[in-house]
Amino acid sequence: MANSSESRHGMWSSRWLFVLAASGSAVGLGNIWKFPYITGENGGGAFVLIYLACVALVGVPIMIAEVLIGREGRQSPINTMRMLTQQHRRKPAWVLVSWMGVLAGFLILSYYGVIAGWALFYVMRMAEGTFNGASADFASQAFNDFLADPWQMVFWQTLFMALTVYIVGRGVVKGLETAIRWFMPMLFVLLFVLLGYGINSGGFAQGVDFMFSFNWESVTGESFLIAMGQAFFTLSLGMGAIMAYGAYLPSSASITQCVVTIAVLDTVVAIAAGLAIFPIVFANGLEPSQGPGLMFVTVPLAFGQLPFGALFGAIFFVLVSFAAITSAISLTEPALAYLVEEYNAKRSRVAISLGVVCWLLGIGTVLSFNEWSDVFVVGDLTIFAFVDYVSQNIMLPLGGFFIALFAAFALPKAVVVSQLGLKGRVWEVTWKVLGGVVAPLGVLTVFIVTIIGIDTIKDWF
Ligand code: PHE
C-alpha cells in the first residue's frame, strides 16, 4: 500500500482538523506549567525572542519534516520509514528512529498520565472550595499530602489513562477528531476567560513585567538550551506524534502553512497561559515558583484569595486537563497505528493494551513521589526524573535530529518538492538550509551541551 492518497486508519476531515489536532498535541502541560516560569526566570522578553527564534529555525523545519514524511508514507511512523527506506534504497537503520520514537512516547505518556491525573484531582479540590481563603502552609501541605498517597494518585492516573484509551480506541475520526472538536475550542474559550480574569485581578502589570520586560542580564548560556528544549517538547517533536498525524493529512493541504499555524497557536497559548497565571499570583503578593509548585500550590492558593476563586480555579484545572488529554492521545498514535498495521488488530484492543503498559510504567512515577522517593536510577534521579530526563533531553532531540536529516538528505528531491509544493530554486535551497543544516545543527548543539552540562562548558573558558 505504498504512497496511497489515504491512510487505512482514517483521514482528518479537513486541514483545519489536522491543525487543531497537532495544536492539541503541542499545547499541553509544557505550555502551562513550564513556559511561563522559564520565561520569567530567563530574561522575560529577551527569552521570548530566543524562544521564538528556536521555534522558527529549529521547531518549524523539523515539524515540516515530520509532516512531510508522514504524509508521504501514510502509515505509522515505523512502517512509513520502513517503506520509504526500501523504496528509495536507503539504509534500513533509519527505521530505528521511529522505534525510538515509539519508546519515547511510552515513557512520556507514563508520567504525563500521572501529572494529568493531578490536574483532574485539582478540578475537584478547587470546585469543592478547598482553597478558599487558605494559607500558604495549607496549600503546600495539601499538595504534599496528596503526593504522599500513592492510592489517590493511582486513582486519578487511572481515570486519565482510561479516558485516553477510550478516545484513541474509537479511531482517528470517531475518537481523536471528536475529542479535538470539543476540547480545543473549549480550551481556547477557557483560556480567554482566565485571561480576562487575570487582567482584572489587579496584578496584570506586574505579570506582564515579569514575563516581558527585557532583561538581558538574566539570559545565560543555559537560557538558550532551555529555550531549545522547550521548543522541542512543546511542539511534540522528535517522537513521531506529528509524523503519525501527518499521515492523515489530506494531500491538498499546504504543509508549510499548517505547520506555521500550529507553531503560532502553540506559542500564543503558552504566552496567554503566562498572562493568565502570573497576574493572579502577583495580585496576592505571592512569588512565582517552578513546575509542580507553581501549578499545584501557588495557583490554587492565588485563586483561593480571589472572588469566585473556586469557580475560576476549577476552570483553570479543566483547561489543564483538556490540554493534557489532547497531547496524551497523540503520544499513543505512533505505537497504536503500528500495532494495528502489523497484527491487523482491532484498534480498541490495541489501545487497551497500550494503556495498560503505560499505566504500569506510570506506577514507577507515582511511587517516585512517596514509597520510592529514595530509589535512584542514576545519580539523584528518581524513576520519574530519570524517565523525564531521558525521554525529553535525549530521545526527542536525537529523534528530531535524524528526522530532519532523513527528510533533507535521504528523501529524493522530487518527493520533497512535491510534498511541500516548492516552486523555484530559492525555496528548495531555503528548505535544504533550514531542514538540512540549521535545524539539525541547532539540535545537535543543544544535545551535546545538555549531555556535557553547561557548567563543564563554562569551565573550558
Ligand atoms: N507538547 C506536549 C506539551 O507541551 C508534550 C508532548 C511531547 C506531546 C511529545 C506529544 C509528544 O505538553
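As shown above, the structure is provided for reference.
A.B. asks: Summarise the overall build of the protein chain; cite the residues concerned and give the values.
C.D. replies: The helix and strand tally for the protein chain stands at 19 helices and 0 strands. Taking 461 residues into account, the globule formula puts the C-alpha radius of gyration at 23 Å, and the protein chain, at 21 Å, falls close to it. Dimensions of the protein chain along its principal axes, counting C-alpha atoms only, are 65 × 50 × 45 Å. Sorting the 461 residues of the protein chain into buried and exposed places 61% on the buried side. Partitioning the contacts of the protein chain with sequence separation of at least 6, the portion at a separation of at least 24 is 83%. As presented, the protein chain carries roughly 18000 Å² of accessible surface, and 67% of it is formed by carbon and sulfur atoms. A gap of 21 Å separates the mean positions of the 21 positive and 24 negative side-chain charges of the protein chain.

A.B. asks: Could you give an account of the environment of Asn-132, naming the residues involved and the relevant values?
C.D. replies: Its location among the elements puts Asn-132 in the loop between helix 5 (95-127) and helix 6 (136-147). Distance in space between the C-alpha atoms of Asn-132 and Pro-307 is 9.3 Å, their sequence separation being 175 residues. Those residues in contact with Asn-132 that sit more than four places away from it in its chain are Gly-304 and Ala-310.

A.B. asks: Please set out the site of the ligand residue by residue, giving values where relevant.
C.D. replies: In the vicinity of the ligand lie 14 residues, with Ala-26, Leu-29, Gly-30, Tyr-112 and Phe-233 positioned nearest. Note that an oxygen atom of the ligand is positioned 2.9 Å from one of the backbone N or O atoms of Gly-30. Asn-31 is positioned such that a nitrogen or oxygen atom in its side chain is 3.4 Å from an oxygen atom of the ligand. Here the ligand loses 100% of its free accessible area of 330 Å² to cover by the protein chains. Of all the secondary-structure elements, those providing two or more residues to the shell around the ligand are helix 1 (15-26), helix 2 (29-41), helix 10 (221-234) and helix 14 (309-343). Partitioned by chemical class, the residues of the shell around the ligand number 6 nonpolar, 8 polar and no charged.

A.B. asks: Give a description of the nonpolar core that names residues and reports values.
C.D. replies: Judged by nonpolar contacts, the single largest core of 176 residues is most densely connected at Trp-12, Phe-18, Phe-316 and Trp-431. Of all the elements, helix 5 adds the most residues to this core, at 21 residues.

A.B. asks: Go over helix 2 with me, naming the residues and quoting the values.
C.D. replies: With 13 residues, helix 2 should cover 18 Å at 1.5 Å per step; its first-to-last C-alpha distance of 18 Å lies within 8% of that length. In helix 2, a bend of some 35 degrees at Phe-35 exceeds every other bend along the element, and Pro-36, a proline, comes one to four places later. Within helix 2, 11 of the 13 residues are buried, which leaves it mostly tucked inside the rest of the structure. Taken as a whole, helix 2 has its buried residues at Leu-29, Gly-30, Asn-31, Ile-32, Trp-33, Phe-35, Pro-36, Tyr-37, Ile-38, Thr-39 and Gly-40.

A.B. asks: Please set out the packing of helix 2 against helix 12 (residues 255-283) residue by residue, giving values where relevant.
C.D. replies: Two elements in contact, helix 2 and helix 12, have axes whose closest approach is 8 Å; the angle formed by their N-to-C orientations is 70 degrees. Regarding the angle of helix 2 to helix 12, the classification is roughly perpendicular. When helix 2 is examined against helix 12, the residues Asn-31, Ile-32, Phe-35, Pro-36 and Tyr-37 are found in contact with a partner set consisting of Asp-266, Val-269, Ala-270, Ile-271, Ala-273, Gly-274, Ile-277 and Phe-278. A class-by-class count of the residues in the contact of helix 2 with helix 12 yields 10 nonpolar, 2 polar and 1 charged.

A.B. asks: Which residues make up the pattern of salt bridges, and what are the values?
C.D. replies: Per the counting criterion, the structure on display carries 6 salt bridges. With a shortest N-O distance of 2.9 Å, Arg-347 and Glu-333 are connected by a salt bridge. Of this pair, Arg-347 sits in helix 15 (residues 347-368) while Glu-333 sits in helix 14, and the two are 14 residues apart along the sequence. Across this residue pair, the class does not change: Arg-347 and Glu-333 are buried. A salt bridge links Glu-428 to Arg-425; the nearest nitrogen and oxygen atoms lie 3.9 Å apart. With Glu-428 and Arg-425 both in helix 18 (residues 425-452) and 3 residues apart, the pair spans about one turn of that helix. Glu-428 sits in the buried class, given a relative accessible area of 18%. For Arg-425, a relative accessible area of 59% puts it in the exposed group.

A.B. asks: Describe a nonpolar patch on the surface, and please don't skip the residues or the numbers.
C.D. replies: A contiguous nonpolar surface patch, about 950 Å² in accessible area, is contributed by Val-429, Val-433, Val-437, Leu-441, Leu-444, Ile-448, Ile-451, Ile-452, Trp-460 and Phe-461. Sorting elements by how many residues they give to the nonpolar patch places helix 18 first, with 8 residues. Examined against the element boundaries, Val-433 turns out to sit in helix 18. Overall, the relative accessible area of 40% leaves Val-433 in the partly exposed class.

A.B. asks: Give a detailed account of the side chain of Thr-382, specifying residues and quantitative values.
C.D. replies: Among the structural elements, Thr-382 can be located in the loop between helix 15 and helix 16 (383-410). Not counting residues within four places of it along the chain, the set of residues in contact with Thr-382 comprises Ser-368, Ser-373, Val-375, Phe-376 and Val-377.

Calculation criteria
- Residues numbered from 1 in each chain as written.
- Predicted model: local features only at pLDDT ≥ 70, side-chain atom pairs only at ≥ 80, totals over all residues.
- Heavy atoms only, no water.
- Helix = DSSP H or I, 4+ residues; strand = E, 2+ residues; numbered from the N terminus.
- Rg over C-alpha atoms; globule rule 2.2 N^0.38 Å.
- Buried < 20%, exposed > 50% of the residue type's maximum accessible area, 1.4 Å probe, protein only.
- Contact = heavy atoms within 4.5 Å.
- Areas by Shrake-Rupley, 256 points an atom, 1.4 Å probe, with all protein chains shown as cover.
- Lys, Arg positive; Asp, Glu negative; His and termini not counted.
- Charge placed at Lys NZ, Arg CZ, Asp CG, Glu CD.
- Near = heavy atom within 4 Å.
- Polar contact = N/O pair within 3.5 Å; in protein donor to acceptor, adjacent residues only side chain to side chain.
- Nonpolar A, V, L, I, M, F, W, Y, C, P; charged D, E, K, R; others polar.
- Core = buried A, V, L, I, M, F, W, Y, C linked by side-chain atoms within 4.5 Å.
- Expected span 1.5 Å × (residues − 1).
- Bend = angle between axes of the 7 residues up to and from the residue.
- Axes fitted to C-alpha atoms, helices over the stretch in contact; angles between N-to-C directions.
- Parallel < 35°, antiparallel > 145°, perpendicular 65-115°, else oblique.
- Salt bridge = Lys/Arg side-chain N within 4 Å of Asp/Glu carboxyl O.
- Patch = residues over 30% accessible without salt bridge, like charges linked within 9 Å, V, L, I, M, F, W, Y side chains within 5 Å.

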